[in-house]
Structure formats: C-alpha cells, structure tokens
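Residue-level structural notes
So the chains spell out like this:
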Amino acid sequence: MENLVPNPAAPKPAGNRAPVQTPNGRSLPYRLVNGVKEFHLTAEEIDHEFAPGCTAKCWGYNGSTPGPTIEAVEGDRVRILVSNHLREPTTIHWHGLLLPNGMDGVSGLNQAPIKPGETWAYEFTLRQAGTHMYHPHADELVQMAFGMMGLFIIHPKASADEPAIDRDYAMLLHNWALHPGTYRPDPAVMLDFDLWTFNSKIYPATAPLLARTGERVRLRIGNLSMWNHPIHLHGHRFWVTGSDGDRWPRSAWIPEVTHIIGVGQTRDFEFIADNPGDWALHCHMVHHTMNAMGHSVPNPVGAKLAEADAKIRSVLPGNMSMGSDGMSEMADMAGMMQGPPNTVPMMSGNGSFGSIEMGGMFTVLKVRDDLAADDTRDPGWYRHPPGTQAKLVSFDPQFALGFARDKPSDS
Amino acid sequence: MSRANYSGFAPLVLPALLLNACANIPADRGWVDVRNSVAAHGQEISPSSNDVTDTARAATTEKLLAQPLHFEDAITLGLLNSPQMAAIYAQLGLAGAEVLQAGRLSNPKLSGSFGFPLTSGGAGFGFGITQDFLGLLFLPARSRLARADFGRAKATAGAAVMQLAAGIGHSYYLAIEARQNAELLALIEQAADAASTYAQALFDAGNLSELQLDVQKVASAQAELDAEDAAAERDMARLQLNREMGLSATQTEWQLAGGLSLPIAQEDDAQQLQTLAAAQRLDLQAAQAELAVRQAALAFARSTRWLFNAELGSDYARDTDRDRSAGPSISLALPVFEQGQSRLLRAQAEVELAQAQVDELRIDISNEVQSAIEQLKHARHRVDLLGTRLLPLRQSIVEQTQTRANYGLLGVFEPLQAKQQKYAAEQGYLNAIGDYWLARVALARAVGGRLPSDAQIGAAQTGIESFKPLMDQPRSIASAAGPSSQSSGENTAQPAPSRQPAANSQHAHSSHSGVSP
C-alpha cells in the first residue's frame, strides 16, 4: 500500500491548519516573487496507472492526473504560469474563482489559446475561500476526457476555519472511457464509461483515508466527471459544510451520510472520526463502484445452465458460465482468470474476510485509536474488539426463531 | 484335265497365303503395350478387369474396400472395376479387327458356265478363277497402314485410361472435401445449438425476451438446415466416387482415409510442365499417329493413282464340240472417265484434317496446362492467406471474446458467434485446399501423366481432425510451419499474446492479476 507521505515541497499550512492531503496525489509547490505566489503548471501527455494492470496514455499537468492540487490563502496574489507541451492548444479555466474576465480561460472568449510550446501567465488576487477546481477550456471534451483537471483550494484567512480541521483530504471525481484492451481513453463516449475514479485511481488502487479516533476530518470532493455521484460514508454522519461557494454558514450545514455531488460542483464534508474501524467510502451508484464491465451482457441470474453449459463447453472448452446464482463468483474468479490486456476485473480487492467485490469509486476510511497525528502509514485491517462483529449462528438453511418466518401474505 | 493344266493357280494363291500369315495382332490386342505406356506416364494399372478373372477382381476389391481408401486405392479400384476399362479393351479389339482385315486379300472368285447344244453335240462347260490383282499388289502397304493405325488405337486407349484415372481422382477429392465440409457444418450447428440452449435457459428464467430467444433459435435452425445440405452433398459426392470406382450401390460401405493435405512445398516449373505435356500426352500422340497414317495413305494414293480395278485369272473351258481351252485372263479398268482425282482429294483432305486436329490439340494442351497452373497458383495463395492470416485472426478473436466473456465484459453469445465464424473460415480454408488438389488433378490431366512434384506428397493428412488443433493453437504457432497431423482436441481458451500499440511500447503493460489492497 502506498505510503501517504505528504509532498515535502508542498506549501506549509499557515498556523495550526492541517495540510491538505490529496490521496494518490500531491500539492503544487510555489515560489514567492515580490509578494506573488507563483505556480507553474505544464500541460502534457503522461503515462498514468489507474491500478496495477491498467495503464493509459492520458493528459495531465506536471506528470499526473489529476494535476497537483493548488493551495493558497484567501487574499493571496497568485501567478500561475501554464506551459503547453501538448500538440494542440489549451487554456486553463479556474473553475469557480472570482477573477478578472480575461483570466477566466475560455479559449476564444477570454483569451487566445495557448499554442503548443507557449507559456502563458494567469495572475489574479484570490477573493474567496473554498474548494475549487481547474481544467482546460479549449478542446475541453478531449482534454478533460484525457484527465486534465485539478483542485484549487483556497484556505480562509486565519481563524476562519472553526472548528479546526485535523485532517483535510481532497479528491476529484472523474470517469474514463478506457475500453478493455485499449491504452488511451475514448473522448467520444458520453454515458458508458469504463472507469470511475477518485483522483484518477480505481479501487483497489485508491489510497485509504486515515484518521485517529476523535479527529475532525474534512473531505473536499470535486466532480469533473459526466455523472452526478452520491458519495456515501459508512459508520459516520457528516455535515456538508461548504462548496465552490465557500464555507457555508453553520446554519446551512446539512447532516447526511450520503450527498450527491453534481457535475461541476464541489462539496466539503466534515465529520468527527469517532467510530474506530474500516469504513467504506464510495459513490452509491453501484455501477460506479465497478471497474470495466459489460453493460449488455445477457443476465444469467436464476437460469438453469447445466445443459447449456455442457453444450457450450463442447464448443468453447474454456468457457466459464457464471452468474446463475448471482455475480459474486465473478469477484472470486477475478484473480484466477486472464482478462483482456490492460483490464482489471470489474470487482476485486480482498479484506481480512475475503473478497470486497468493489472497484471504481471506492476507498476505505481507517479510523484508529492509536494513530499518531502525523502518521500517514496504512495501519492494516481493523481488529474488531470482542462482541463487536457479526457472527455465524447456524448452518441450517431452514433456520427460524422458533416461529414461522415472516413472509408477505398471499392476499 | 492334266494337273499341269491347273498349276497356273499356284503362283496366284501361295503368295497370298504367305502375306496373310504376316498380318496378325497380339493375342492381348496390344493391352500390355497400353499398360506399359500408361505406366510410363506414372499410372500403374494393377490390375484391371482386362487382366484378372472376375473372382480375383472381386477379391481384390473386397480387400481394398476393407481399409480406409487413399487416393491411389480409389484409382486402383476404378481401373479394376470400371466398365470403361472393358470398353477401352473392346475398342482395341475393333482396331485389331481393322488390322486383320487390312492384312488379308479379298477371296478369289470362282466362276463357271454350262452350255447345252441346241442342235447336236455334247454339253459344254467352263470355269475360271480370278483374283483382285491390285489387292494383292497393295497388300503390304495396306498392312503397314493398318499396323500404324493400331498404334494410334493403343495411344488412344492409353489416353482413355489416363482420363479415367483423372476423373476418379477428381471425384475422390470432391468426396473428401464434401465429407469434411459436412463435419464443419455440423460443428457450426453444434455451436448454434449451444447458443440456442443457453438462450432458452435465460428465457425460462425470465431474463430474455421471446424475440431475443427466437433470434437464437432461428440461427440454430438455419445452421441445422445448412448442415443437412452439406450432409446431402457429402452423400452425393460419395455415390459419384462409388460409381466412378465401378462399384454398385450395394458396395458403399467404405471409408475415406484422413482428409485433405496441405499443399506440397514446391510446385513444378511451369515451362517444364508445358514441355512434358507436349512430349507425353497420349491423345496428342494418337492424333500424331493418325496424321502419319493419313500422310502414308496420301502417298500411297499418289503412287497408285493410275491403277484401277485389275483382276488376274485363269480360265478353263470345254465347248459343245468338246474342244478344250485353258489359259490366264486379265481384266483392267480403263481410266477413261475417272483418273483417281477423288481418291487423291479425299486422302489429301484427310491429311489436312488430321493435321488440324494435331494443331488444335497442341493449342488446347498448352492452354489446359496453363489454366491448371493458374488455378493451382490461386488456390495455393488462398490456402496461404487463410492459413497464415485469416484463420489465426479468427482463432484470436475466439480467444479474446472468450476471455472477455469470462471477465463479464461480454455474454456467451459473442464467443459462440466468433467460434461459428471461425468454423466458417475453416470451411473457406477447406474449400481452398480442395480447389488446390482438384487443380493438381486437372494439371496432371493436362500434362498427360503424374506430376513430377507428386513425389513430395507425404502421408500427412490435413483432415478436420488434424487441422482443428492448428486453428486453436496460439497465433504464433499456427502461422509458423503448418499443421500438425496429430489430433489433440481443442485447447482451452488461451489468451492471445498481448499486442500493444507501438505508441505504448514504453509502457510496462502487465497482464492483469488480482490486486489486493
């Protein structure tokens, strides 16, 4: 498992503010030039790994997708130099930021495109706080489909962040049409995507989120995919405390366990990690927690396949007719079968009790009593205290509690 | 009548008897010469119905039919049993009769007369004998022509044997191809039935609509129909071969050995085949013999232009007054009105006709050879394209769709469909191989004998049993050296070797295995 050591070049948070952690990613360093925070983004083609066994030629910034998270503080003057190492023009739109019109980055509308080989400077003063994003606004369909995007986090001025956040995570949601057996996303797809990612990673390659029991955790999530995503956290109730409209007044906070983050929106969740354990955090669109899968596969559930399977095997000796009892065995067989090149199973991942049967937009929040404040190492699987775990009580298929099982009446 | 009075007949009759004694044909009507001739062209006759008794023929036939039939067995059976062989032998008899007839004189004519006195005296009488003088004179020349024509007849018989053997070979390959084609269509039917059964199971579970089910069922029914058609073609092809092997409808319990082989390594040189055909075609030799006979006949006609009916004879007479007389007689036709022009013109025209036939046959042979060479070349190219490109790709598609089905990316209908398409490609492959061997038969027929490259034909057969493993092997093996003659059943779906686009060559694309957190 990846060690979540923060980028040493990342900007130091002011005061006692926790550093933003971008799981599977990093924050962008800057230099101070005459009081201006100067960042440098390079748009370029990259080799990206979604998970071991699945890589692609993508486009991103500074060698990654998403690009590095930009962090600054409300009131900062920032200058962002953008170099174009693509073979086509690009721009960057600072999604949600209040800035001069000429800095908004819409190609043709606000500026001429940044041609290949050119470096342009965007410079403006940050007049707001909150979780924001950046992405191209030139050949947007292709460039975003290929992964060009990043988070732009503006911290409020000192003391505006109350109560204090102990761990501050940032994730960007995206979808990819990386068809099985291919090595470059297909920008023409509008609905039938193959991969659903947190920070351009699919489970089980998504890094877990860590928290010590009692810590206040913020989860910043932006959505630059083409679907809305109901993000669901197990074992905790969170408040939705902010968006691309900055931190909401406390009276507007919404307590939830699932919150839909619409396309182009950002949301901040805050919660007290008061429940030790390994807690699933995922999009609740169930297909979004799958990796590549067939969407027009005939449904075998409930079918009696013995005769057909014998006949099929006489024609296709390698055939494995699965799914007549459900799709779970697909996950069991995933590690045993050879799939198409560059394709991971639709669901996989093993926990201490077997297959987790997940993929895509899925990760684990690991809450531990004994985690040090600056410890970012994966603590392993949770050990359940006695009496706190479901247990087997019977092997009898006809098991009942001494009275007839509750069934709908025949009326 | 003194004996001396009759001695005048002796010079007339004795030479004729001697000449007649020289004009015979062999007791076998020249059949051994025919056998030796076709053997020299690569076609052994061992034996034929003309060589053995019916009992021996039946025994040999039974022995051959007890084993799976190879190409040579089919031809041996055909040459042994086909009534055409007896017909060829009978034709030799007809030609032999011509030789016998040409070598014999017309019979002498005996004439007699009686006279009864109307006034006084005794009865008178006379008799005489005459012989066609020209017939006697022309006898040696006519015998030579007849013997030359018998040579032509033997060449014609040899050509007929070669044609018969080629026809049997053609039918043999058609029968094998039809059998293997029927086997492939049965496999396609099997795959379609599997898809239909799977669809029925899903329909019964409530997961498939009736329309979706019917799409699969109609495909299965169509495949069954196609398989039935192929089975009918197989049976017809078997019966055709049965007929050409001279067997009755009660003798169909035989099996064909193996399947069609892949093309040989190296074909014959085209120019060499043209030269060979021009030198050895027996029908051309027969036509050339016919021309030679006609040319000799023309020369004979010219040299005897002024000779017409001439008869020599000897007469004896006693008239009514009992005077006797005896002496030779001669009668000659006088060339007053007809001086042999028509005979010459006919002989000349027959030479020209024979020459035209020789010339036409030369052109036909040249083009037949070239046509068969072209057929062979194109069939061979098709075999190569199918074997090294189309079939490995079809196999790869089967493996890839199978892999995707096992991974939940596709349903099972896709790999089943891919398998049927692979079988259809194998059908094309089989058809190309069949065309190749039929082209070789046509080429051998055009060349007039077995091809020099026949020596390369090995025992390895490329039957459906043996080329299935070829299809199901990974592409790298299938495209390398050719088929294995071993039958080992189908591989389980082995993934095709990973192919990555050149643009991604720097990627470390690892094959997937499960990833644990």
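In this convention, every chain numbers its residues from 1, walking through the sequence in written order. Chains carry letters from A onward and ligands carry numbers from 1 onward, assigned in written order. This being a predicted model, a pLDDT of at least 70 is required before a residue's local features are given, and a value of 80 or more before pairs of side-chain atoms are given or counted; all residues contribute to the totals for chains, interfaces and linings.

1. Regarding the nonpolar core
Residues and elements named next belong to chain B.
- In terms of nonpolar packing, the biggest core is built from 195 residues, with Val161 and Leu443 touching the most fellow members.
- Runs of H or I in DSSP of at least four residues are treated as helices and runs of E of at least two as strands, each being numbered from the N terminus. Broken down by element, this core gets its largest block of residues, 32 residues, from helix α7 (residues 133-204).
- Each residue is represented by a C-beta atom placed from its backbone, and any two residues with such atoms within 7 Å are regarded as in contact. Those residues in contact with Val161 that sit more than four places away from it in its chain are Val34, Val38, Gln43, Ile45 and Ile88. Residues of type Ala, Val, Leu, Ile, Met, Phe, Trp, Tyr and Cys that are buried and joined through C-beta atoms within 7 Å form what is called a nonpolar core. Counting other C-beta atoms within 10 Å of a residue's C-beta gives its exposure: the residue is buried at 20 or more, exposed at 12 or fewer, and partly exposed in between, where C-beta atoms are placed from the backbone.

2. Here's the deal with unusual backbone geometry
All names here are of chain A.
- Following Thr65, the chain continues into Pro66 via a peptide bond in cis, with omega recorded as -10°.
- Along the polypeptide, Pro66 turns up in the loop between β4 (54-61) and β5 (70-73).
- With an omega of 15°, the peptide bond between Tyr203 and Pro204 qualifies as cis.
- Tracing the backbone through its elements, the reader meets Pro204 in the loop between β12 (195-198) and β13 (209-212).
- Even without being a glycine, Glu357 presents a positive backbone phi close to 55°.
- With respect to the element layout, Glu357 can be found in strand β23 (residues 354-358).

3. Side note on the sheet that holds strand β1 (residues 109-115) of chain B
Residue and element names in this part refer to chain B.
- Overall, antiparallel pairing links the four strands, which are arranged β1-β2-β3-β4 in an open sheet. For this open sheet the edge positions go to β1 and β4 (324-332), each flanked by a neighbour on one side alone. Each strand axis lies, on average, 15° off the axis of its neighbour in the sheet, ignoring direction.
- Strands are labelled as partners when DSSP assigns at least two bridges between them. Sheet analysis places strand β3 (residues 310-318) next to β4, joined by nine bridges and oriented antiparallel. Looking at the pairing, Tyr316 lines up with Ala326 of β4.
- To get an axis, a line is fitted to the C-alpha atoms, and for a helix only the part in contact is used. The angle between two axes follows their N-to-C directions and goes from 0 to 180 degrees. Across the sheet, α7 lies against β2 (124-132) and β3, angled at about 25° from β2, the strand it touches most.

4. Re the packing of helix α6 (residues 83-102) of chain B against α7(B)
All names here are of chain B.
- Where α6 meets α7, the closest approach of the two axes is 8 Å, and the angle between their N-to-C directions is 175°. Between α6 and α7, the interaxial angle falls into the category roughly antiparallel.
- For the contact of α6 with α7, the residue count by class is 13 nonpolar, four polar and five charged. Here the word oblique covers every angle except those under 35 degrees (roughly parallel), over 145 (roughly antiparallel) and from 65 to 115 (roughly perpendicular). Three categories are distinguished: nonpolar for Ala, Val, Leu, Ile, Met, Phe, Trp, Tyr, Cys and Pro, charged for Asp, Glu, Lys and Arg, and polar for the others, with Gly belonging to the last.

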